[in-house]
Amino acid sequence: MVQKHFGQELDQLKNSLTQMTSLVTSQITMAAEALEKGDLELCRVVKSRDKEIDAYENLIQAQCENLFALFQPVATDLRYIMSAMMVNNQLERCGDIAVNIVQRAQKTADHRQLIVKSQILDMLRAAQSMTLDAISAFLHNDVDLARKVIAQDDVVDNFNKQIFNDLVERMKKDPQVVEPGAHLIVLTRQIERMADHSTNIAEDVVFLVEAQIVAHRELSAGSEKPSATS
Amino acid sequence: MNKSMGRIVISASALSVIAIVTVIAYLLFDIFWNGKNTLSWAFLTTAPTDGMMQGGIFPVIIGTVSLVLIMSIAGVPVGVITALYLSEYARRTSVFTKMVRFAVNTLAGVPSIVFGLFGLGFFIQFIGMNLDRALMPAGELHWGQPSLLWASLTMALLTLPVVIVAVEEALRAVPEDLRAASLALGATKWQTILKVVLPNATSGILTGTILAVGRGAGEVAPILFTGAAYFLPHLPESLSDQFMNLGYHVYILATQSPDVEATKGLQYATVLILLLVTFGLNLIAVMLRYKLRKASRQ
Amino acid sequence: MENNSEKIIVNNLDLYYGKKAALDNINLSILSNKVTALIGPSGCGKSTFLRCLNRMNDLIPGVLIKGTVLINGRDIYESSVDVVSLRKKVGMIFQKSNPFPKSIFENVAYAPRVNGINNKKELFEIVEKSLRKAALWEEVKDNLDKSGLSISGGQQQRLCIARSLAVEPDILLMDEPASALDPISTSKIEDLIFELKANYTIVIVTHNMQQAARVSDKTAFFYMGELIEVGDTKMMFTQPTNKRTEDYVSGRFG
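Below you will find a few notes about this structure. (Residues numbered from 1 in each chain as written. Chains lettered and ligands numbered in written order. Predicted model: local features only at pLDDT ≥ 70, side-chain atom pairs only at ≥ 80, totals over all residues. Heavy atoms only, no water.)

### Quick notes on the sheet that holds strand β2 (residues 20-31) of chain C
All names here are of chain C.
Next up, step 1: One open sheet holds the four strands; their spatial order is β2-β1-β4-β5, and the pairing between them is antiparallel. Taken across any chain shown, the strands that pair with only one partner, and hence form the sheet edges, are β2 and β5 (74-75).
Next up, step 2: Where strand β4 (residues 63-71) lies against β5, two bridges are found, and the strand directions are antiparallel. In the sheet register, I71 faces β5, and the bridge partner there is R74. (Pairing = 2+ DSSP bridges. Helix = DSSP H or I, 4+ residues; strand = E, 2+ residues; numbered from the N terminus.)

### Notes on the interface of chain C and chain B
Next up, step 1: Each partner contributes to the interface: chain C provides 23 residues, whereas chain B provides 17 residues.
Next up, step 2: Roughly 1,600 Å² of surface becomes buried between chain C and chain B when both sides are summed, with 66% attributable to carbon and sulfur atoms.
Next up, step 3: Among the residues chain C hides against chain B, the three largest losses belong to F100, Y110 and V114 of chain C. Together they make up 30% of the total.
Next up, step 4: With a closest N to O distance of 3.5 Å, K96 of chain C and D177 of chain B form a salt bridge.
Next up, step 5: Where chain C touches chain B, the interface holds five residue pairs in polar contact (both at pLDDT 80 or more).
Next up, step 6: Only α2 (83-89), β6 (90-93), α3 (104-114) and α6 (153-165) of chain C provide two or more residues apiece to the side of chain C that touches chain B.
Next up, step 7: With four residues, the top contributor of residues to the side of chain C that touches chain B is α3 of chain C.
Next up, step 8: Broken down by class, the residue content of the side of chain C that touches chain B amounts to 14 nonpolar, three polar and six charged. (Contact = heavy atoms within 4.5 Å. Buried area = accessible area lost by both parts, 1.4 Å probe. Salt bridge = Lys/Arg side-chain N within 4 Å of Asp/Glu carboxyl O. Polar contact = N/O pair within 3.5 Å; in protein donor to acceptor, adjacent residues only side chain to side chain. Nonpolar A, V, L, I, M, F, W, Y, C, P; charged D, E, K, R; others polar.)

### Let's talk about helix α2 (residues 40-71) of chain A
All names here are of chain A.
Next up, step 1: Taking 1.5 Å of rise per residue, 32 residues should cover 46 Å, and α2 covers 47 Å from first to last C-alpha, within 8% of that figure.
Next up, step 2: Along α2, the sharpest kink reaches roughly 25°, centred on R49.
Next up, step 3: At the N-terminal boundary of α2, the capping side chain belongs to D39, with an oxygen 3.0 Å from the backbone nitrogen of E41. (Expected span 1.5 Å × (residues − 1). Bend = angle between axes of the 7 residues up to and from the residue.)

### Observations regarding the interface of chain C and chain A
Next up, step 1: Listed per partner, the contact involves 13 residues of chain C and twelve residues of chain A.
Next up, step 2: Taken over both partners, the interface formed by chain C and chain A buries close to 1,300 Å², and the fraction arising from carbon and sulfur atoms is 52%.
Next up, step 3: Note that K4 of chain A is salt-bridged to E195 of chain C, the shortest N-O span being 2.4 Å.
Next up, step 4: Inspection of the region where chain C meets chain A yields six residue pairs in polar contact (both at pLDDT 80 or more).
Next up, step 5: Per-element tally for the side of chain C that touches chain A: the top contributor is helix α7 (residues 183-196) of chain C, with five residues.

Below you can see the structure in the form of structure tokens.
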């Protein structure tokens, strides 16, 4: 049975995280819509709301620090607060990426044809669904969903390579495309990173639920422990 | 200390123990063996007859019981109050406390015959005589002579230290925590003593009383001049009556009887009863104290 | 119902055992409906300070106290103050649970009886209410006639809390209330403290820093008879301003 005081503080943390995730979700959704429609007004809204996410990041950081300092959590509670800190970090970066997306969207608003042809919207949708799934997996301790997210990372990576090659080809053919093309290449890097953050969140979910570290699987357990420093 | 020295000490201790046990066993056996034929229900329930050569010791038992009863009624409250003062109120370092404690210890060491003389001088000749002068027709003696009351009061003085020491020990055994708990709940000191300290010291108070009774039942010297009678045809009816007493009765039978040999059975049986009473009382006191210690340790 | 008024204000409090100073110029305000934890190494004066708040130090010969302790705005060391009624307002829970060797019912009914309540029905209501507040009612309601010493250590300590609550105090002083208990019982006591602060101002002495962290809103750190630092518990355990506080809460000494 969780102690009442600890339970209360933990509930507040969960509450903050829920707020944070819904903020990030709506930022990403709006950013995607802004890019798709070239909606400059929506771009401004996304930019202005980033401060809220930053404030939540600080709040969650402080809440986790207090929980560690005051309650010395162990086992599941320990992993939950650890993963909350890590997820908090990833979510804030996803928020930043939403801002980056709308910045590029503002600069490429006159080249909607290029955007549509280059499959960037498909890539964004894939990454966006990864992020939403990762968040959902975290909120519901859903390991299966988390594993699905991790598996999807390759899809986005492939999009990234394809679009890069495609854009380079287009830029070679038409100098007019170079400037928007360069913006879009930066944009794909951002989307690819959003997918990476989503994968990280999914890995944190697996750590939280199964106490397994899935990141960097190539370092199979025990084979390459870092040498102790001291 | 080397090994052989150790052996000598152990052997000497063992010998002493055997010696003591043998003496006690012989004594008890001798008393029982010689007294058992005289001991009977009639012996306990009838008065002495034929110039105390025959009959029982009924008035002797009643006299002794009355003595210790009145002694307890008079002595125990004083003892409990003194112990309460020493344990709960007195500052351990004050001069007055030290004086009271010194007085109690000294009282315990005074020979019992001195108590008898004190009783005669103080209770009978001083208080009793003055009472008679004030209350009685001129020249008539009522309080100014040996009686159950004066003997009991003298005995109460003798046993006072026993009660004080036993009760104080019991009061100190009441955990300090309980006093603190009561005071912290807003009880006054007196309420704390009444509702927490005294109830928890009941068995100690009882122990003190029983030890005092045991001592009082066996003592003769203090009542020699203050109330014990050689022979009385009737039971004591009032506080100013004289009374017969077990210890004194043994002394009379053994020294004052016209034919000491003929009353031997009576003597042994009386001693046996006296021993049974004092042993029994001490046994109860020990058991109560054991219970008390066990309770206070929890 | 947040109420941040100052319930207890201690000004320039010194305490001497004979000539030895045990508390040196303590200034501390304790807020109502908050849990204030007093921490510090053994012999730092935290328990002595706690006992100043209901004048339990008065019982120790040779103690001299200077300074003022205002409770509800009134100095409790003023000569006109009745110690007995002060202690009815300021309850105390001790380190070792100390129920009276009476029934559970009589333990809780003790203080009301002392105050002259003898009506059986009224007493029963007080006993039930107090045991409920102390989260013990459900466990003992069928055994109110059993001895207060027959229940477990943790239950005994909650019985002692119920016994204090029966006097209807505003303030509860707790002197290491869980130090003799197992972790589960400790957890129950801590939960209880957390609940009780809605209605009481609680000051708790603990040598267990984690306990101070878990239950308190404010923490005061005592060292060698001095109040070194006081502040929000969260601050004291994450960013204390004094080096000695930091060393103590991080277990580097004491």
